[in-house]
Amino acid sequence: MAENLAPNWRLREQRYQLVGNVCLNCNAKFFPPRQVCANCRGTEFDSFQFSGKGELYSFTTLRSAPAGFENYAPYSVGMIKLDEGPLVEAMLTDVNEDELAIGMRMEMVTRKIREEEGERGLIVYGYKFRRDNENEEKRNARR
Amino acid sequence: MNQVMKPKREVGIIGYGAYVPRYRIKAHEIARVWGGAEDALPIDEKAVPGLDEDTITMSIEAARNALARAQIDAQQLRAVWVGSESHPYAVKPSSTLVAEALGASGAVLAGDWQFACKAGTEAMQAAIALVGSEMADYALAIGMDTAQGRPHDALEYTAGAGGAAYILGPAENALAVLEASYSYVTDTPDFFRRAYQHYPEHGNRFTGEPAYFDHTLTATQNFLELMNYTPRDFHYVVLHQPNVKFPLQAAQQLGFTRDQVIHGLLVGKIGNTYAGASLIGMTNVLDNAKAGDRILLVSFGSGAGSDVFSYIVTEKILERRDLAKRTAFYLGRRELIDYARYARFRNKLVMN
Ligand SMILES: [Zn+2]
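Structural notes, computed from the coordinates. Bear in mind that the values here come from a model prediction, so they are computed numbers and not experimental data. (Residues numbered from 1 in each chain as written. Chains lettered and ligands numbered in written order. Predicted model: local features only at pLDDT ≥ 70, side-chain atom pairs only at ≥ 80, totals over all residues. Heavy atoms only, no water.)

**Details of the sheet that holds strand β11 (residues 236–239) of chain B**
Residue and element names in this part refer to chain B.
- Spatially, 9 strands are ordered β5-β4-β6-β7-β1-β8-β13-β12-β11 in an open sheet, and the strand pairing comes out mixed. In this open sheet, the two strands that pair with only one neighbour each are β5 (109–113) and β11. Within this sheet the neighbouring strands show an average axis-to-axis angle of 20°, counted without direction.
- With 5 bridges connecting them, strand β12 (residues 294–298) and strand β13 (residues 303–313) associate as antiparallel partners. When the sheet's bridge partners are listed, Val 298 is paired in β13 with Val 308. (Pairing = 2+ DSSP bridges. Helix = DSSP H or I, 4+ residues; strand = E, 2+ residues; numbered from the N terminus. Axes fitted to C-alpha atoms, helices over the stretch in contact; angles between N-to-C directions.)

Here it is as structure tokens:
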């Protein structure tokens, strides 16, 4: 029997689209969404869709991965400071370890996160971050 | 009996977006491993999806690009249709997950389309009908694939990854207006994959003449005749591209020049992207076209059939095309991998 279907399902908006919330009293933005504002203790919120753009705040590379993620090892994880404020922890993708640098521009993409129970189970999708280097790549394409 | 299809309400492309994964493997690297002839390779290199990519994730990114250009809210979409032969689940639609990730879920049609390499343009035909009948204002049609060829099979050289997404809507908001479309199919067993099989079967020499050429040429010639057009009436032609040779040869037989084909011919750099192949050729043409250009789009899918579309580019292309990443961005974003890394990425240890 497939496990974890309901908990995965409840998180889908957050995971696929980077939807957090914004405090209606002080405008502070949160991801993941909060029940009580960390800034003003307010309790009224609207949901808020983050742009998915930010900067790399810190990172590390995992060589032996936790259960369910072995297939992707080695891979890097990072803290991304979103342009709207919050820090998000996420897996990094489409990037080699030696390309990573603090302060690098990053953008959110939706990718496979893990597969439950191997090839038989649910495929879990969610946000990851990759290097946002559109201008650099444009120069490469012209060469 | 009217064989050319025209919607009651005028319809066009409101937004479009491409996607190609970052990794590439050279055809000569595949030839090196299997001892193939390196002088007659069908393409230069092909795109390979990363370990965390599949038709769903790739469709999401192409569709986000299309939404950015369309400048509409995802909730305005009434259809999210994904054409592919590499849906990640055998049972469970790709399209519902794509819709959810775009913020389009709720009051929306969603479905996965299947017709080998024609699945994407079949979804486009349906999107045109939905909008043209005024049942809906906006519909999203995607053609996307992460095609697989059995190790050492001829298809392994060309089976690439990528595709494109199109938002169809009313012509007054379009960056390219549809003139008409056409479809031509017969039962031709040139290529197939049975349930539970990992890799497809194909008829080798049979795939060329009776399949690709017969359907592509017949469909295009019939359409031109019915519309009273000649190849000179078009600035660009985009054909399905299983390799570099077939579309160039078909275009020549139809009377198109190399210049008309070349902007929409990406297979040499990304491989055959199956349901995505003609549609991503079209995104590169739209990235480079100017208002007034007439574009002929012709798909081909094994089984077999071709869809034909004629679009005329509008002034709106100028303000929209830089609202998302261009096709050239994805072509320029490339990291070469060797066969060992490729085998790991594509789970090639499965040999049957
Ligand atoms: Zn607050």
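**Some details on the nonpolar core**
- If you look at the biggest cluster of nonpolar residues, it comprises 77 residues, and the most contacted ones within it are Ile13(B), Met124(B), Tyr166(B), Ile167(B), Leu168(B), Leu286(B) and Tyr311(B).
- The dominant element in this core, judged by the number of residues it contributes, is helix α2 (residues 55–70) of chain B, at 8 residues.
- When residues are assigned to domains, this core turns out to be shared by domain 1 (11–176 + 324–345) and domain 2 (177–318) of chain B, each giving three or more.
- If you look at the next biggest cluster of nonpolar residues, it comprises 52 residues, including Met91(A), Tyr212(B), Val237(B) and Ala343(B). (Core = buried A, V, L, I, M, F, W, Y, C linked by side-chain atoms within 4.5 Å. Buried < 20%, exposed > 50% of the residue type's maximum accessible area, 1.4 Å probe, protein only. Domains from an automatic or database assignment.)

**Observations concerning the interface of chain A and chain B**
- Contacts between the two partners involve 29 residues from chain A, matched on the other side by 30 residues from chain B.
- A combined buried area of about 2400 Å² lies between chain A and chain B, and 46% of that area is made up of carbon and sulfur atoms.
- Residues Lys325(B) and Glu107(A) are paired through a salt bridge, measuring 2.9 Å at the closest nitrogen-oxygen approach.
- Linking chain A with chain B are 20 residue pairs in polar contact (both at pLDDT 80 or more), by the criterion used here. (Contact = heavy atoms within 4.5 Å. Buried area = accessible area lost by both parts, 1.4 Å probe. Salt bridge = Lys/Arg side-chain N within 4 Å of Asp/Glu carboxyl O. Polar contact = N/O pair within 3.5 Å; in protein donor to acceptor, adjacent residues only side chain to side chain.)

**Remarks on the sheet that holds strand β6 (residues 87–91) of chain A**
Residue and element names in this part refer to chain A.
- Across the sheet, which stays open at both edges, the 5 strands sit in the order β6-β5-β4-β7-β8 with antiparallel pairing between neighbours. Either end of the sheet is taken by a strand with one partner, and the two such strands are β6 and β8 (123–131). Averaged over all pairs of adjacent strands, the angle between their axes in this sheet comes to 30°, without regard to strand direction.
- Sheet analysis places strand β4 (residues 53–62) next to strand β7 (residues 105–115), joined by 3 bridges and oriented antiparallel. Directly across from Glu 55, in β7, lies its bridge partner Arg 105.

**Regarding the coordination of the zinc ion**
Residue and element names in this part refer to chain A.
- Those protein atoms acting as donors to the zinc ion are Cys 23 (SG), Cys 26 (SG), Cys 37 (SG) and Cys 40 (SG), and they sit at 2.3 Å.
- Note that the zinc ion binds 4 donor atoms; their angles at the metal cover 101 to 113°, and the shape is tetrahedral.
- When the donor residues of the zinc ion are listed from N- to C-terminus, their spacing reads C-x2-C-x10-C-x2-C. Of the two residues, Cys 23 sits in strand β1 (residues 19–23) while Cys 37 sits in the loop between β2 (29–30) and β3 (45–49), which places them 14 residues apart along the sequence.
- Judged by its relative accessible area of 2%, Cys 23 falls in the buried class. (Donors = N, O, S within 2.8 Å, 3.2 Å for Na, K, Ca; no water. Tetrahedral: all angles 85-135°; square planar, octahedral: opposite > 155°, others 65-115°.)

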